[in-house]
Amino acid sequence: MTTVKPRARRVARLPLFLFRALLALSILAGLMPAPAHAHDPEEGDHDHDPLPEILASAQFNQRLGEQVPLDLVFRDEAGQNVSLADLIGDKPVILTMNYYKCDSLCPLIMDGAATALKLVPFVMGQEFDMITVSINPDETPELAAEVKERLVERYEHDGAARNWHVLTGEKEMIDRLAEAVGFNYVWDEAGQQYAHPSGLMVLGPGGKVARYIYGMEFSPRDLRLALVEASDRQIASPVDHVLLFCYRYNPAVGKYSAIAFNTMRLGGAATILVLGLFLGTAIKRERKMTRLPGATG
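Parameters and conventions
- Residues numbered from 1 in each chain as written.
- Predicted model: local features only at pLDDT ≥ 70, side-chain atom pairs only at ≥ 80, totals over all residues.
- Heavy atoms only, no water.
- Pairing = 2+ DSSP bridges.
- Helix = DSSP H or I, 4+ residues; strand = E, 2+ residues; numbered from the N terminus.
- Axes fitted to C-alpha atoms, helices over the stretch in contact; angles between N-to-C directions.
- Contact = heavy atoms within 4.5 Å.
- Expected span 1.5 Å × (residues − 1).
- Buried < 20%, exposed > 50% of the residue type's maximum accessible area, 1.4 Å probe, protein only.
- Arc of directions from axis to C-beta.
- Parallel < 35°, antiparallel > 145°, perpendicular 65-115°, else oblique.
- Left-handed = near helix turned anticlockwise from the far one by under 90°.
- Nonpolar A, V, L, I, M, F, W, Y, C, P; charged D, E, K, R; others polar.
- Core = buried A, V, L, I, M, F, W, Y, C linked by side-chain atoms within 4.5 Å.

Chemist: Can you break down the sheet that holds strand 9 (residues 209-214) residue by residue, with the values?
Modeler: The mixed open sheet is built from five strands, whose spatial order is 5-4-3-8-9. Two strands lie at the open edges of the sheet, namely strand 5 (164-167) and strand 9, each paired on one side alone. Going from strand to strand, the sheet's axes swing by 20° on average, the running direction of each strand aside. Helix 5 (residues 105-117) rests against strand 3 (93-98), strand 4 (129-134), strand 5 and strand 8 (199-203) of the sheet, and its axis sits at about 160° to strand 3.

If you want it as structure tokens, here you go:
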């Protein structure tokens, strides 16, 4: 004769399951980044001296929606003349402006982009392209080729050799591009180097400025969401739609910040879903057990 545990003992398992489910949701919520805290200039900065005037002027001037001049002509790493119209088509483009003889900031920015892009679930050459332009008109295609070789090796994915364009050009062309995207740079005579902002720009199909991402080490999540939004969500997956529900671009800090209210709503919906699935399964199991021969209430 089949024996079945009393219903009271089966129902007693419910609090333990709920505890585990809520504990898991709490852990996941705790892993989500906190919203970025914008620095208040009125608070002052007692730990660092003010930036020198020359560095303070070398900042991004965001020009979201600005059209990049596609008639600008540069030289690729093979020494061939190419226009931006040749390189910017129907895919988003990540643009960096650096110089190749730099031994401090520029390698960190370029390597940081390559490292982060390895973790982005998009393929260079398929969902996006990459352009790096030297701001030093004296640099040569040979030097650009050396830099490209290092970047392709660091990126480690197919497509970079054909679709990461490392360019040099004349000062007029460099200045027109810098003006269009709000990239303010200046030559520091005393230090014998260029002062310029730290970060990159994401262009939409056709070459309109869509996003600025600040820093030297980039978040793969920020690059992913910037590319999705630059493509007008044409390359978005269901996961991307969820991420964009929880994160919003903050132009003040050049990053994506968590939306606390939407995150709470999503967590609440997940909790209801988990409880609903559990209760549905429990009810089905209960009904099945009561139909078994010899089942007792």
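The discussion continues.
Chemist: Account for helix 6 (residues 141-155), with residues named and values stated.
Modeler: Helical periodicity: at 3.6 residues per turn, an α-helix aligns residues three or four positions apart in one direction. Along its 15 residues, helix 6 runs 20 Å from first to last C-alpha, staying within 8% of the 21 Å computed at 1.5 Å per residue. Those residues of helix 6 not exposed but buried are Pro141, Leu143, Ala144, Val147, Lys148, Leu151 and Tyr155. The arc that holds every buried residue of helix 6, seen down its axis, measures 145°, which confines them to one face. Seen from the open side of helix 6, the exposed residues pointing more than 90 degrees away from its buried face are Glu142, Glu146, Glu149 and Glu153. On the buried face of helix 6, the contacting elements are strand 1 (73-75), helix 5, helix 7 (160-163) and strand 5.

Chemist: Outline the packing of helix 5 against helix 6, listing residues and values.
Modeler: Viewed as axis vectors pointing N to C, helix 5 and helix 6 meet at an angle of 30°, and their least axial separation amounts to 8 Å. One finds that helix 5 runs roughly parallel with respect to helix 6. At the point where helix 5 passes helix 6, the crossing takes the right-handed sense. Every residue of helix 6 that contacts helix 5 at Pro107, Met110, Asp111, Ala114, Thr115 and Leu117 is listed here: Val147, Arg150, Leu151, Arg154 and Tyr155. Tallied by class, residues from the contact of helix 5 with helix 6 come to seven nonpolar, one polar and three charged.

Chemist: Residue-level account of the nonpolar core, with values.
Modeler: What tends to happen in soluble globular proteins is that the nonpolar side chains get buried as a cluster. Core analysis: the biggest nonpolar cluster contains 68 residues, and Met97, Leu177 and Val181 have the highest contact counts within it. For this core, the leading source of residues is helix 5, giving seven residues. With sequence-adjacent residues up to four places away left out, Met97 is seen in contact with Val133, Ile135, Ile174, Leu177, Ala178, Val181, Phe183, His196 and Met201.

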